[in-house]
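# Inside the fold
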Amino acid sequence: MYTRLLQHLGNGARCLATKATPKVQPINKIVISNRGEIACRVIKTARKLGVRTVAVYSDPDEHSLHTELADEAYRVGEASAYLRGERILEIAKKSGAQAIHPGYGFLSESVEFAELCQKEGVIFMGPPSSAIRDMGIKSTSKAIMAAAGVPIINGYHGDDQSDTCLQAEAAKIGFPLMIKAVRGGGGKGMRIAEKPEDFLTALNSARIESQKAFGDSSVLLERYVRSPRHVEVQVFADQYGDAVYLWERDCSVQRRHQKIIEEAPAPGLSEELRRELGEAAVRAAKAVGYVGAGTVEFILDKEDLSFHFMEMNTRLQVEHPISEMITGTDLVEWQIRIAAGEPLPLTQAQIKRSGHAFEARIYAENPRGGFLPGAGPLRYLSTPKPSAEVRVETGVREGDEVSVHYDPMIAKLVVWGENRTQALNSLIARLGEYHISGLETNINFLIDLASHPEFQLANVHTGFIDQHFDTLFPPIIIESQQLSQAALSLIFNELQAAATNASGRQDPFAAASNARLNYALLRKYNLKAQDKVYAVEVKYDNGDIEIHVDGGAWQVIKAERVLDGERLKIRANIDNTISTYNANIDGSNVTLFLENGKLDFELVQPKFLSAQADQLGSGGSRVVAPMPGVLEKVLVKPGDKVKKGDSLAVLIAMKMEHILKAPKDAVIKSIGGAEGDNVAKGAAVITFVDEEAAN
């Protein structure tokens, strides 16, 4: 890397006489002060460059993927320890690393950490602390942008925060009005006042939330652009005053003010507008003496396409891969090279744009439940095959836990195509190949979103999900074909288990066995989906299959297992419709992976088995965790008598408190964990016996 640089400098191709002589500090080892997919992403590029990597890990992350991929790994402490800057610097010195890559989140935009790195002589792979500070305070950044000729939204960014002043300024700006926390981000401290009489209530609410989140109740006021587009520009700057833009991304479709799908370039913009956005972003970066990777975010009016500065993210963005896909660059490599003192690898004229790219963020969350975040084990995981046009950016493997302590993102699926239509078709197809069971994800929602007619037409804006809520969340209808597919999965699972004498988790598609399955079976299944139980009967006789659903007529079905790559799937002809699908069976859970997403069924036990389970104490004799979380408080002890409705324990899941209560009068028998323990969904937290039995 450095030989190329010296040759480059010797040719005088990059450095003009007016610039300082480049001061190169070789980097051969870096600490990554982050976790998950971004840590794995940085490790991948560092390895390509021959740079050794040092991972840091919290107690919950001891066995995570990024600790295994790195050359070295050091413990930093409890779950929140990724914020312990002094400890991370200590690790950098102990390991002999010259630089720290902060990733995104955690310490990536910490002024204090950047200053501490500089003080200790360790390279912070990000912008100067002054740039982070200037861009981190919204009122300051707006003033700097206005002076640099970057368009800003009409508003008030002053120091006088009295109600009287803010009301007067609001009247000047006009309604509807946006109230924003000066130090805000992620939608916190943000309120909309539709009319003057709403203003003080919205102001008070924004102040309270801002104070809690950022320790500062100061706000700014701006004209509210209803349902705008969110367009951002990737910029890069070196230590010698040069800066470039790598085109723009559209991140308009969001939930809870957070991005879930992004694309590059932004659709429907003229080349002139793209250039104006890029040049404005470069002016913004230069105005604060920026160095490294950054993203300048703009509000784009979807009607007249006018744009205004919103904020600058002074770090590498989650969605940076789509910029890489359309420019053929490796932005992490650029970060490492620029941190070492190299000039920008390319001039603006050398940065070419090709094709179209999408990124879909795959989360452990329940879109139909208000996008409530989830956690738990990835009991089954199968991803699309990576290629030059398909990237799977992740930090987890099958069997790993999506932790309650961190953001519930499982992966980023990134695709490229020669144009938007091709890329979008690829995205939908690859999402259909992303198979996860064991916890709820947003994959089905992403497929529905990407397939929506208005999204296909690129009619995107920040209110897209709210506007199209009913069509994005249609009623789920369970069809007889799907019930037959689930029953076939159970039959093939049983036959394969018998043929191979399998034990443990059963999976009809795990091994490419060609065993002849000569059995005669009659099975009755009660399959539950969407709170309804369906009765399905199957006759299997040496390959001949008949099924009937909910007492309907018997139907002859042709089905076989077929090899698809490294995995067996089921190919079935049901009612003259042929389909090939994947499935996973885990205990009583049956998951089908179909063209339009996954469908979960629960195999319901017959009543006599449920009665036996009750007698054994596993039904009606315990309180279970309704979701994965941390056992915050235990309010009872063995031997305590409780009444129906009494509080027994407090579970914290995704920073929300859930109180577990007694379902009946009883005596506490045992506690299923200690305070501070992680608890899986469905795990018994409290077990008890009836008062009469206790006596």
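Residues numbered from 1 in each chain as written. Predicted model: local features only at pLDDT ≥ 70, side-chain atom pairs only at ≥ 80, totals over all residues. Heavy atoms only, no water.

To keep it simple, the criterion reads: UniProt positions are given in the numbering used here, feature names are shortened, and annotations may be inferred rather than shown by experiment.
As recorded in an unreviewed UniProt entry, the protein chain goes by the name Methylcrotonoyl-CoA carboxylase subunit alpha, mitochondrial, listed as coming from Drosophila albomicans. UniProt annotates the protein chain under Cofactor (unreviewed entry) with the comment "biotin".

### Considering the overall build of the protein chain
Selection rule: Helix numbering and strand numbering both begin at the N terminus, where a helix is a DSSP run of H or I of at least 4 residues and a strand a DSSP run of E of at least 2. Partly exposed describes any residue whose relative accessible area lies between the buried limit of under 20% and the exposed limit of over 50%, with all areas from a 1.4 Å probe on protein chains only and scaled to the type maximum. What makes two residues a contact is simply this: any of their non-hydrogen atoms within 4.5 Å. Accessible surface area values rest on a Shrake-Rupley calculation with a 1.4 Å probe, where residue burial reflects the displayed protein chains alone.
Tallying secondary structure elements over the protein chain gives 20 helices and 41 strands in all. Per-residue burial for the protein chain yields a buried fraction of 53% across its 695 residues. When contacts within the protein chain are restricted to residue pairs at least 6 apart in sequence, those whose partners lie at least 24 apart make up 63%. As presented, the protein chain carries roughly 30900 Å² of accessible surface, and 48% of it is formed by carbon and sulfur atoms.

### Notes on empty space enclosed by the protein
The condition is simple: With a 1 Å grid spanning the protein atoms alone, the term cavity applies to any set of points in which a 1.4 Å probe fits but cannot get out, the term pocket to an open set with protein on both sides within 12 Å along at least five of seven lines, and the term lining residue to any residue with an atom within 4 Å of a point. Grid points are joined across faces, edges and corners, and a volume is the space filled by probe spheres set on the points. Lys, Arg, Asp and Glu make up the charged group, whereas Ala, Val, Leu, Ile, Met, Phe, Trp, Tyr, Cys and Pro make up the nonpolar group; the residues left over, Gly among them, are polar.
Across all of its chains, the model carries two cavities of 30 Å³ or more by this definition. Its boundaries defined by the atoms lining it, the largest cavity holds a volume of some 50 Å³. Of the residues contributing to the lining of the largest cavity, the split by class is five nonpolar, seven polar and one charged. In this structure, the second largest cavity occupies an estimated 40 Å³ of space. Every residue along the wall of the second largest cavity is listed here: Asp250, Ser252, Val253, Ile261, Glu262, Glu263, Phe358, Phe455 and Val460. A total of three residues in the lining of the second largest cavity trace back to one element, the largest contributor, which is strand β14 (residues 261-264). Counted by class, the lining of the second largest cavity contains five nonpolar, one polar and three charged residues.

### Side note on the packing of aromatic side chains
Just so we agree on the cut-off: Working definition: rings of Phe, Tyr and Trp (its six-membered ring) pair if their centres are within 6.5 Å, and the pair is stacked with planes under 30 degrees apart, edge-to-face with planes over 60 apart, and tilted otherwise. By definition, being over a ring means that NZ of Lys or CZ of Arg is both within 6 Å of the ring centre and within 35 degrees of the ring normal.
If you walk through the whole model with that rule in mind, you get 15 aromatic pairs. A centroid spacing of 5.5 Å and a plane angle of 90° characterise the contact between Tyr245 and Trp247, whose relative ring orientation is edge-to-face. Neither Tyr245 nor Trp247 differs from the other in exposure class; each is buried. Ring centres of Tyr380 and Phe593 lie 5.7 Å apart, and the angle between their planes is 45°; on these two criteria the pair is classed as tilted. Separated by 213 residues along the polypeptide, Tyr380 in strand β21 (residues 380-382) and Phe593 in strand β32 (residues 589-594) bring together distant segments of the chain. Look at Tyr380 and you get buried, because its relative accessible area is 3%. For Phe593, a relative accessible area of 5% corresponds to the buried category. In this structure an aromatic cluster arises from ring pairing among Phe371, Phe445, Phe469 and Phe473. Here Arg255 stacks its cationic end above the ring of Tyr363, 4.6 Å away from the centre of that ring. Between the NZ or CZ atom of Arg353 and the centre of the ring of Trp247, over which it lies, the distance is 4.7 Å.

### Some remarks on the packing of helix α5 (residues 111-120) against helix α6 (residues 129-136)
Packed helix pairs are specified by the crossing angle of their axes together with the interaxial distance, meaning the distance between the axes. This is how the line gets drawn: Note on geometry: axes are lines fitted to C-alpha atoms, helical ones only across the stretch in contact, with angles between N-to-C directions running from 0 to 180 degrees. Note that the term roughly parallel is reserved for angles under 35 degrees, roughly antiparallel for angles over 145, roughly perpendicular for angles of 65 to 115, and oblique for everything else.
Relative orientation of the contacting elements α5 and α6 amounts to 170°, with a least axis distance of 8 Å. One element, α5, and the other, α6, form an angle in the roughly antiparallel class. Note on element contacts: α6 touches α5 through Ser129, Ile132 and Arg133, opposite Val111, Ala114 and Glu115. Grouping the constituent residues of the contact of α5 with α6 by class yields three nonpolar, one polar and two charged.

### Looking at the nonpolar core
As a reminder, the rule being used: To define a nonpolar core, start from buried Ala, Val, Leu, Ile, Met, Phe, Trp, Tyr and Cys residues and group those joined through side-chain atoms within 4.5 Å. Residue ranges assigned to the domains are those given by an automatic or database domain assignment.
Counting residues in each nonpolar core, the largest one holds 105 residues, and the members touching the most others are Phe298 and Leu427. No other element matches helix α10 (residues 271-287), which puts seven residues into this core. Structurally, this core is a two-domain feature, drawing no fewer than three residues from each of domain 1 (29-125) and domain 3 (228-473). Here Leu427 is in contact with Ile261, Phe358, Ala360, Leu413, Val415 and Ala450, once residues within four sequence places are set aside.

### Regarding the pattern of salt bridges
Stated precisely, the cut-off is as follows: Just to be clear on terms, a salt bridge is a Lys or Arg side-chain nitrogen sitting within 4 Å of an Asp or Glu carboxyl oxygen.
Counted under the stated rule, the structure contains 50 salt bridges. Of the charged contacts, one joins Glu115 and Arg133 as a salt bridge, the two residues approaching to 2.5 Å between their closest N and O atoms. Linking Glu115 in helix α5 with Arg133 in helix α6, this pair joins segments that are 18 residues apart in sequence. You can call Glu115 partly exposed: its relative accessible area is 32%. Judged by its relative accessible area of 36%, Arg133 is partly exposed.

### Here we look at the environment of Gly278
Along the chain, Gly278 falls in helix α10. Classification of Gly278 by relative accessible area gives buried; the value is 0%. In this structure the C-alpha to C-alpha distance between Gly278 and Val235, which are 43 residues apart in sequence, comes to 8.0 Å. Those residues in contact with Gly278, other than ones at most four positions away along the chain, are Val233 and Tyr245.

### Section: the sheet that holds strand β41 (residues 684-689)
Definition in use: Any two strands between which DSSP finds at least two bridges are classified as paired.
Spatially, the four strands line up as an open sheet ordered β34-β41-β39-β36, and their pairing is antiparallel. Two strands lie at the open edges of the sheet, namely β34 (622-624) and β36 (641-642), each paired on one side alone. Summarising the sheet, β36 and strand β39 (residues 666-671) pair through two bridges and their orientation is antiparallel. When the bridges of β39 are listed, Val642 appears paired with Ala666.

### Here's the deal with the environment of Asn582
Cut-off, in case you're wondering: In protein, a polar contact requires one atom able to donate a hydrogen and another able to accept it; more generally it is a pair of N or O atoms within 3.5 Å, and residues adjacent in sequence count only if both atoms are side-chain atoms.
Tracing the backbone shows Asn582 in strand β31 (residues 577-586). On the basis of relative accessibility, which here comes to 1%, the residue Asn582 falls in the buried class. Between the C-alpha atoms of Asn582 and Glu433, which are 149 residues apart in sequence, the distance is 9.3 Å. A polar side-chain atom of Asn582 sits 2.9 Å from a polar atom in the side chain of Tyr380. Separated by 2.9 Å, the side chains of Asn582 and His435 make a polar contact.

### Considering the side chain of Ser489
Along the chain, the position of Ser489 falls in helix α18 (residues 480-500). The exposure class assigned to Ser489 is buried, which follows from its relative accessible area of 0%. Here Gln485 takes part through its backbone oxygen, which lies 2.9 Å from a polar atom of the side chain of Ser489.

### With respect to the sheet that holds strand β5 (residues 123-124)
An order of β3-β2-β1-β4-β5 is seen for the five strands of this open sheet, with the pairing classed as parallel. The open sheet is flanked by β3 (72-77) and β5, the only strands paired with a single partner. As paired strands, strand β4 (residues 99-101) and β5 are joined by two bridges and run parallel to one another. When the bridges of β5 are listed, Ile100 appears paired with Phe124. This element, helix α2 (residues 36-49), spans β1 (29-32), β2 (52-58) and β4 of the sheet and lies at about 170° to β1. Sheet strands in contact with helix α4 (residues 85-95) are β1, β2, β3 and β4, and its direction is about 155° off that of β3.

### So, unusual backbone geometry
The step from Phe175 to Pro176 runs through a cis peptide bond, and the omega angle for that step is 0°. Relative to the elements of secondary structure, Pro176 occurs in the loop between α8 (163-173) and β7 (177-185). The step from Ala264 to Pro265 runs through a cis peptide bond, and the omega angle for that step is -5°. Mapped onto the secondary structure, Pro265 falls in the loop between β14 and α10. Phi angles above zero are rare outside glycine, and Phe371 is one such case at about 60°. Note on placement: Phe371 falls in the loop between β18 (365-366) and β19 (372-373). The phi dihedral of Asp550 falls on the positive side, at around 50°, and the residue is not glycine.

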